[in-house]
Amino acid sequence: MNIPIDFERKIEANFGERGKQWLSMLAARVDYYLMKWQLQLEGPVDNLSYNYILKVRDREHTPLILKFGMPGVDFTNEIRATKVYKGASFARLYQYDELDGVMLLERLEPGYMLSEVESEEQVIHHYIEIWKALRTPVKTSFPLMKSWFDELQVYLEKYSKDDCLIPHTLVKNAQCYAQELFETTAGEELLHGDLHHYNILYDEERGWCAIDPKGVIGDPYFDFVAFLFNELHMKEQPQSLLKWRIDTLCTVLQLDKSRLIKAAIALLTLQTCWAIEDSDNWSQMLQTVYWLIALQDKA
(Lines give C-alpha, C1' and ligand atoms only; values in the text may rest on other atoms or scores of the structure.)
Protein backbone atom coordinates (compact mmCIF):
# COMPACT_ATOMS: atom_id res chain seq x y z
CA MET A 1 0.00 0.00 0.00
CA ASN A 2 1.36 3.39 -1.01
CA ILE A 3 1.32 5.99 1.78
CA PRO A 4 2.71 9.37 0.58
CA ILE A 5 5.78 10.64 2.45
CA ASP A 6 4.22 14.09 2.89
CA PHE A 7 1.18 12.49 4.53
CA GLU A 8 3.38 10.50 6.91
CA ARG A 9 5.35 13.61 7.87
CA LYS A 10 2.17 15.58 8.52
CA ILE A 11 0.73 12.85 10.75
CA GLU A 12 3.97 12.46 12.71
CA ALA A 13 4.38 16.23 13.11
CA ASN A 14 0.87 16.65 14.48
CA PHE A 15 0.39 13.48 16.51
CA GLY A 16 3.92 12.50 17.48
CA GLU A 17 4.47 8.94 18.68
CA ARG A 18 0.75 8.23 18.54
CA GLY A 19 0.79 9.20 14.88
CA LYS A 20 3.73 6.88 14.16
CA GLN A 21 1.90 3.98 15.77
CA TRP A 22 -1.24 4.76 13.78
CA LEU A 23 0.75 4.82 10.53
CA SER A 24 2.43 1.51 11.36
CA MET A 25 -0.99 -0.13 11.71
CA LEU A 26 -2.65 1.59 8.76
CA ALA A 27 -1.92 -1.02 6.06
CA ALA A 28 -3.23 -3.87 8.20
CA ARG A 29 -6.29 -1.82 9.15
CA VAL A 30 -7.04 -1.08 5.50
CA ASP A 31 -6.83 -4.78 4.60
CA TYR A 32 -9.07 -5.69 7.52
CA TYR A 33 -11.89 -3.31 6.57
CA LEU A 34 -11.65 -4.12 2.87
CA MET A 35 -12.32 -7.72 3.82
CA LYS A 36 -14.86 -7.00 6.59
CA TRP A 37 -17.04 -4.77 4.45
CA GLN A 38 -16.33 -6.72 1.23
CA LEU A 39 -14.87 -3.81 -0.68
CA GLN A 40 -12.78 -3.64 -3.82
CA LEU A 41 -9.89 -1.17 -3.66
CA GLU A 42 -9.47 1.37 -6.47
CA GLY A 43 -6.79 3.58 -4.91
CA PRO A 44 -6.17 6.63 -2.68
CA VAL A 45 -7.45 10.13 -3.35
CA ASP A 46 -4.89 12.75 -4.36
CA ASN A 47 -5.43 15.49 -1.78
CA LEU A 48 -4.82 13.82 1.59
CA SER A 49 -4.85 16.05 4.68
CA TYR A 50 -5.03 14.37 8.11
CA ASN A 51 -7.07 11.35 7.02
CA TYR A 52 -6.15 8.45 4.75
CA ILE A 53 -8.88 8.21 2.12
CA LEU A 54 -9.40 5.44 -0.43
CA LYS A 55 -11.73 5.03 -3.38
CA VAL A 56 -13.49 1.67 -3.17
CA ARG A 57 -16.50 -0.22 -4.53
CA ASP A 58 -18.86 -2.59 -2.78
CA ARG A 59 -20.25 -5.92 -4.04
CA GLU A 60 -22.78 -4.07 -6.20
CA HIS A 61 -19.94 -1.95 -7.67
CA THR A 62 -21.27 1.16 -5.95
CA PRO A 63 -18.50 3.80 -5.75
CA LEU A 64 -17.68 4.64 -2.12
CA ILE A 65 -15.09 6.35 0.06
CA LEU A 66 -13.21 4.48 2.81
CA LYS A 67 -11.85 7.00 5.29
CA PHE A 68 -9.32 6.34 8.07
CA GLY A 69 -8.59 8.97 10.72
CA MET A 70 -6.88 9.22 14.07
CA PRO A 71 -9.31 7.61 16.55
CA GLY A 72 -10.47 9.99 19.24
CA VAL A 73 -12.91 12.75 20.08
CA ASP A 74 -12.52 14.71 16.82
CA PHE A 75 -13.11 11.72 14.56
CA THR A 76 -16.02 10.55 16.71
CA ASN A 77 -17.62 14.00 16.45
CA GLU A 78 -17.26 13.85 12.67
CA ILE A 79 -19.03 10.49 12.61
CA ARG A 80 -21.84 11.78 14.83
CA ALA A 81 -22.32 14.96 12.81
CA THR A 82 -22.39 12.99 9.55
CA LYS A 83 -25.09 10.76 11.06
CA VAL A 84 -27.13 13.79 12.15
CA TYR A 85 -27.08 15.33 8.66
CA LYS A 86 -28.51 12.04 7.30
CA GLY A 87 -27.39 12.66 3.74
CA ALA A 88 -29.40 15.89 3.39
CA SER A 89 -27.09 17.89 1.09
CA PHE A 90 -24.38 15.80 2.68
CA ALA A 91 -22.37 12.69 1.82
CA ARG A 92 -24.19 9.64 3.19
CA LEU A 93 -22.62 7.43 5.86
CA TYR A 94 -22.97 3.66 5.34
CA GLN A 95 -20.64 2.01 7.86
CA TYR A 96 -18.35 3.19 10.64
CA ASP A 97 -16.19 2.09 13.54
CA GLU A 98 -15.47 4.77 16.14
CA LEU A 99 -12.79 2.80 17.98
CA ASP A 100 -10.68 2.28 14.84
CA GLY A 101 -11.51 5.66 13.31
CA VAL A 102 -13.06 4.33 10.09
CA MET A 103 -15.97 5.49 7.92
CA LEU A 104 -17.48 4.13 4.72
CA LEU A 105 -19.10 7.02 2.88
CA GLU A 106 -20.95 7.83 -0.30
CA ARG A 107 -18.59 8.84 -3.10
CA LEU A 108 -19.79 12.05 -4.75
CA GLU A 109 -19.14 11.87 -8.50
CA PRO A 110 -17.57 13.50 -10.39
CA GLY A 111 -16.80 15.12 -7.02
CA TYR A 112 -15.18 18.32 -8.17
CA MET A 113 -14.90 20.97 -5.49
CA LEU A 114 -16.66 24.32 -5.25
CA SER A 115 -13.21 25.89 -5.66
CA GLU A 116 -13.23 24.72 -9.29
CA VAL A 117 -16.19 26.96 -10.16
CA GLU A 118 -14.85 30.18 -11.70
CA SER A 119 -17.79 32.51 -11.16
CA GLU A 120 -17.77 34.01 -7.66
CA GLU A 121 -21.50 34.66 -8.02
CA GLN A 122 -22.18 30.97 -8.63
CA VAL A 123 -19.79 29.94 -5.86
CA ILE A 124 -21.51 32.01 -3.19
CA HIS A 125 -24.95 30.95 -4.46
CA HIS A 126 -24.08 27.25 -4.06
CA TYR A 127 -22.42 27.90 -0.70
CA ILE A 128 -25.49 29.68 0.67
CA GLU A 129 -27.77 26.85 -0.43
CA ILE A 130 -25.61 24.29 1.37
CA TRP A 131 -25.29 26.50 4.46
CA LYS A 132 -29.08 26.80 4.70
CA ALA A 133 -29.58 23.07 4.17
CA LEU A 134 -27.29 22.20 7.07
CA ARG A 135 -29.02 24.31 9.75
CA THR A 136 -29.64 21.92 12.62
CA PRO A 137 -30.86 22.50 16.21
CA VAL A 138 -28.49 21.95 19.13
CA LYS A 139 -27.41 18.38 19.77
CA THR A 140 -26.14 17.92 23.32
CA SER A 141 -23.66 15.20 22.39
CA PHE A 142 -21.37 17.68 20.63
CA PRO A 143 -18.67 19.93 22.11
CA LEU A 144 -19.09 23.68 22.45
CA MET A 145 -17.18 25.97 20.11
CA LYS A 146 -16.77 28.28 23.09
CA SER A 147 -14.10 25.93 24.44
CA TRP A 148 -12.01 26.46 21.29
CA PHE A 149 -11.34 30.04 22.33
CA ASP A 150 -9.57 28.97 25.52
CA GLU A 151 -6.57 28.54 23.23
CA LEU A 152 -6.32 32.32 22.86
CA GLN A 153 -5.39 32.62 26.54
CA VAL A 154 -2.91 29.77 26.09
CA TYR A 155 -1.28 31.78 23.31
CA LEU A 156 -1.07 34.92 25.47
CA GLU A 157 0.59 32.99 28.28
CA LYS A 158 2.99 31.13 25.99
CA TYR A 159 4.26 34.13 24.02
CA SER A 160 5.31 37.42 25.58
CA LYS A 161 4.53 40.76 23.95
CA ASP A 162 8.08 40.87 22.62
CA ASP A 163 8.17 37.26 21.44
CA CYS A 164 4.94 36.82 19.49
CA LEU A 165 3.92 36.79 15.84
CA ILE A 166 0.35 37.85 16.56
CA PRO A 167 0.15 41.06 18.62
CA HIS A 168 -1.40 40.57 22.05
CA THR A 169 -3.85 43.39 21.31
CA LEU A 170 -5.32 41.37 18.42
CA VAL A 171 -5.62 38.23 20.53
CA LYS A 172 -7.33 40.11 23.37
CA ASN A 173 -9.62 41.76 20.84
CA ALA A 174 -10.58 38.31 19.53
CA GLN A 175 -11.31 37.17 23.08
CA CYS A 176 -13.66 40.11 23.62
CA TYR A 177 -15.54 39.54 20.36
CA ALA A 178 -15.91 35.81 20.99
CA GLN A 179 -17.27 36.46 24.48
CA GLU A 180 -19.68 39.08 23.12
CA LEU A 181 -21.06 36.68 20.52
CA PHE A 182 -21.51 33.86 23.01
CA GLU A 183 -23.34 36.17 25.43
CA THR A 184 -25.64 37.70 22.81
CA THR A 185 -26.39 34.76 20.52
CA ALA A 186 -29.96 34.37 19.35
CA GLY A 187 -29.56 30.61 19.50
CA GLU A 188 -26.77 28.09 19.14
CA GLU A 189 -26.84 25.34 16.53
CA LEU A 190 -24.91 22.32 15.40
CA LEU A 191 -22.26 23.82 13.12
CA HIS A 192 -20.37 22.15 10.32
CA GLY A 193 -17.32 23.98 11.67
CA ASP A 194 -15.28 23.86 8.44
CA LEU A 195 -17.66 24.67 5.60
CA HIS A 196 -15.64 26.02 2.70
CA HIS A 197 -14.82 25.53 -0.99
CA TYR A 198 -12.91 22.25 -0.54
CA ASN A 199 -15.60 20.61 1.61
CA ILE A 200 -18.44 21.18 -0.85
CA LEU A 201 -18.42 18.72 -3.75
CA TYR A 202 -20.61 18.23 -6.81
CA ASP A 203 -22.51 15.01 -7.50
CA GLU A 204 -24.15 14.54 -10.89
CA GLU A 205 -27.29 13.05 -9.32
CA ARG A 206 -27.61 14.96 -6.04
CA GLY A 207 -26.02 18.30 -6.88
CA TRP A 208 -23.77 20.06 -4.37
CA CYS A 209 -23.15 18.26 -1.08
CA ALA A 210 -20.95 18.88 1.97
CA ILE A 211 -18.36 16.61 3.56
CA ASP A 212 -15.98 16.54 6.56
CA PRO A 213 -17.88 18.24 9.42
CA LYS A 214 -16.21 19.17 12.70
CA GLY A 215 -19.44 18.75 14.66
CA VAL A 216 -19.50 21.60 17.17
CA ILE A 217 -22.18 23.72 18.84
CA GLY A 218 -22.03 27.48 18.49
CA ASP A 219 -23.45 30.69 17.10
CA PRO A 220 -24.29 30.23 13.38
CA TYR A 221 -22.29 33.35 12.44
CA PHE A 222 -19.08 31.41 13.09
CA ASP A 223 -19.97 28.93 10.35
CA PHE A 224 -19.32 31.53 7.62
CA VAL A 225 -15.70 32.20 8.52
CA ALA A 226 -14.03 29.29 6.72
CA PHE A 227 -15.74 30.28 3.48
CA LEU A 228 -14.75 33.95 3.81
CA PHE A 229 -11.04 33.08 4.08
CA ASN A 230 -10.63 30.15 1.70
CA GLU A 231 -9.85 30.67 -1.99
CA LEU A 232 -9.17 34.34 -1.23
CA HIS A 233 -5.50 35.23 -1.43
CA MET A 234 -4.90 33.70 -4.86
CA LYS A 235 -7.44 36.08 -6.38
CA GLU A 236 -6.45 39.33 -8.11
CA GLN A 237 -8.11 41.62 -5.56
CA PRO A 238 -8.51 39.55 -2.39
CA GLN A 239 -9.37 42.42 -0.07
CA SER A 240 -12.18 43.60 -2.34
CA LEU A 241 -13.41 40.03 -2.73
CA LEU A 242 -13.55 39.62 1.05
CA LYS A 243 -15.74 42.71 1.31
CA TRP A 244 -17.97 41.47 -1.52
CA ARG A 245 -18.44 38.09 0.14
CA ILE A 246 -19.42 39.72 3.42
CA ASP A 247 -21.78 42.18 1.74
CA THR A 248 -23.41 39.43 -0.34
CA LEU A 249 -23.92 37.06 2.59
CA CYS A 250 -25.41 39.85 4.68
CA THR A 251 -27.78 40.94 1.88
CA VAL A 252 -28.99 37.49 0.87
CA LEU A 253 -29.27 36.03 4.39
CA GLN A 254 -30.14 39.31 6.16
CA LEU A 255 -27.19 39.02 8.52
CA ASP A 256 -25.89 41.64 10.94
CA LYS A 257 -22.69 42.79 9.21
CA SER A 258 -21.02 43.98 12.41
CA ARG A 259 -21.70 40.65 14.07
CA LEU A 260 -20.37 38.70 11.07
CA ILE A 261 -17.14 40.72 11.00
CA LYS A 262 -16.64 40.24 14.75
CA ALA A 263 -17.19 36.48 14.39
CA ALA A 264 -14.69 36.39 11.54
CA ILE A 265 -12.06 38.40 13.45
CA ALA A 266 -12.41 36.21 16.53
CA LEU A 267 -12.32 32.82 14.81
CA LEU A 268 -9.69 33.69 12.22
CA THR A 269 -7.40 35.08 14.93
CA LEU A 270 -7.78 31.78 16.78
CA GLN A 271 -7.05 29.83 13.59
CA THR A 272 -3.95 31.96 13.02
CA CYS A 273 -2.71 30.95 16.48
CA TRP A 274 -3.32 27.31 15.59
CA ALA A 275 -1.51 27.71 12.26
CA ILE A 276 1.57 29.11 14.02
CA GLU A 277 1.63 26.13 16.36
CA ASP A 278 1.35 23.77 13.38
CA SER A 279 4.06 25.66 11.41
CA ASP A 280 1.41 26.27 8.77
CA ASN A 281 1.03 29.27 6.46
CA TRP A 282 -0.36 31.71 9.01
CA SER A 283 0.64 35.04 7.44
CA GLN A 284 -2.32 35.14 5.01
CA MET A 285 -4.70 34.49 7.88
CA LEU A 286 -3.23 37.34 9.86
CA GLN A 287 -3.44 39.65 6.84
CA THR A 288 -7.11 38.76 6.49
CA VAL A 289 -7.70 39.68 10.13
CA TYR A 290 -6.28 43.14 9.43
CA TRP A 291 -8.52 43.48 6.38
CA LEU A 292 -11.53 42.56 8.53
CA ILE A 293 -10.57 45.20 11.08
CA ALA A 294 -10.31 47.76 8.26
CA LEU A 295 -13.80 46.80 7.07
CA GLN A 296 -15.07 47.15 10.61
CA ASP A 297 -13.60 50.64 10.90
CA LYS A 298 -15.37 51.70 7.69
CA ALA A 299 -18.73 50.21 8.67
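Rules and cut-offs
Residues numbered from 1 in each chain as written. Predicted model: local features only at pLDDT ≥ 70, side-chain atom pairs only at ≥ 80, totals over all residues. Heavy atoms only, no water. Pairing = 2+ DSSP bridges. Helix = DSSP H or I, 4+ residues; strand = E, 2+ residues; numbered from the N terminus. Axes fitted to C-alpha atoms, helices over the stretch in contact; angles between N-to-C directions. Contact = heavy atoms within 4.5 Å. Buried < 20%, exposed > 50% of the residue type's maximum accessible area, 1.4 Å probe, protein only. Polar contact = N/O pair within 3.5 Å; in protein donor to acceptor, adjacent residues only side chain to side chain. Expected span 1.5 Å × (residues − 1). Phe/Tyr/Trp six-rings, centres within 6.5 Å; stacked < 30°, edge-to-face > 60°. Arc of directions from axis to C-beta.

Right, let's get into the sheet that holds strand S6 (residues 110–113). Across the sheet, which stays open at both edges, the three strands sit in the order S6-S9-S10 with antiparallel pairing between neighbours. Every other strand in the sheet has two partners, leaving S6 and strand S10 (207–210) as the edge strands with one partner each. Neighbouring strand axes in the sheet, compared pairwise and without regard to direction, differ in orientation by 35 degrees on average. As defined by bridge partners, strand S9 (residues 200–203) adjoins S10 across four bridges and the pair is classed as antiparallel. Among the inter-strand pairings, Leu-201 is bridged to a residue of S10, identified as Cys-209. Its contacts with the sheet put helix H3 (residues 120–133) on S9 and S10, and the angle it makes with S10 is roughly 55 degrees.

Moving on to the side chain of Arg-107. Note that Arg-107 resides in the loop between strand S5 (102–106) and S6. On the accessibility criterion, Arg-107 (9% relative accessible area) is buried. One polar contact links the side chain of Arg-107 to the main-chain carbonyl oxygen of Leu-64, over a distance of 3.3 Å. Those residues in contact with Arg-107 that lie beyond four places of it in its chain are Glu-42, Lys-55, Val-56, Arg-57, Pro-63, Leu-64, Ile-65 and Asp-203.

An order of S7-S8-S11 is seen for the three strands of this open sheet, with the pairing classed as antiparallel. Edge strands, defined here as strands with exactly one partner in the open sheet, are strand S7 (136–137) and strand S11 (216–218).

Helical geometry note: an α-helix holds 3.6 residues per turn, so side chains three or four residues apart project in the same direction. Counted at 1.5 Å a residue, the expected span for helix H7 (residues 238–253) with its 16 residues is 22 Å, and the 22 Å between its end C-alpha atoms agrees. Taken together, the buried positions of H7 are Pro-238, Leu-241, Leu-242, Arg-245, Ile-246, Thr-248, Leu-249, Cys-250 and Leu-253. Contact partners of the buried residues in H7: H3, helix H6 (225–229), helix H8 (257–277) and helix H9 (283–298). At the exit of H7 stands Gln-254, carrying a positive phi of roughly 55 degrees.

The next point concerns the packing of aromatic side chains. This model, assessed by the stated rule, comprises 18 aromatic pairs. With a centroid separation of 6.3 Å and an interplanar angle of 70 degrees, the aromatic rings of Tyr-33 and Phe-68 are classed as edge-to-face. On the criterion of sequence distance, the pair formed by Tyr-33 in helix H1 (residues 5–36) and Phe-68 in strand S3 (residues 63–68) is long-range, its members being 35 residues apart. The exposure classification of Tyr-33 matches that of Phe-68, with both residues buried. Taking 5.6 Å as the distance between ring centres and 65 degrees as the angle between the ring planes, the aromatic pair formed by Trp-148 and Trp-274 counts as edge-to-face. Of the two residues, Trp-148 sits in the loop between S7 and helix H4 (150–158) while Trp-274 sits in helix H8, which places them 126 residues apart along the sequence. By relative accessible area, which is 19% here, Trp-148 ends up buried.

Moving on, we come to H4. What H4 keeps buried is the set Leu-152, Tyr-155 and Leu-156. For H4, the buried positions fall inside an angular range of 100 degrees around the axis, keeping them on one side. Across from the buried face of H4, at angles greater than 90 degrees, the exposed residues are Glu-157 and Lys-158. Looking at the buried positions of H4, the neighbouring elements they touch are helix H5 (168–184) and H8.

Let's shift gears to the pairing of S9. Summarising the sheet, S6 and S9 pair through two bridges and their orientation is antiparallel. Bridging from a neighbouring strand, Pro-110 pairs with Asp-203 of S9. Here S9 folds back onto S10 in antiparallel fashion, the turn holding three residues.

Honestly, it's all geometry; don't read function into it.
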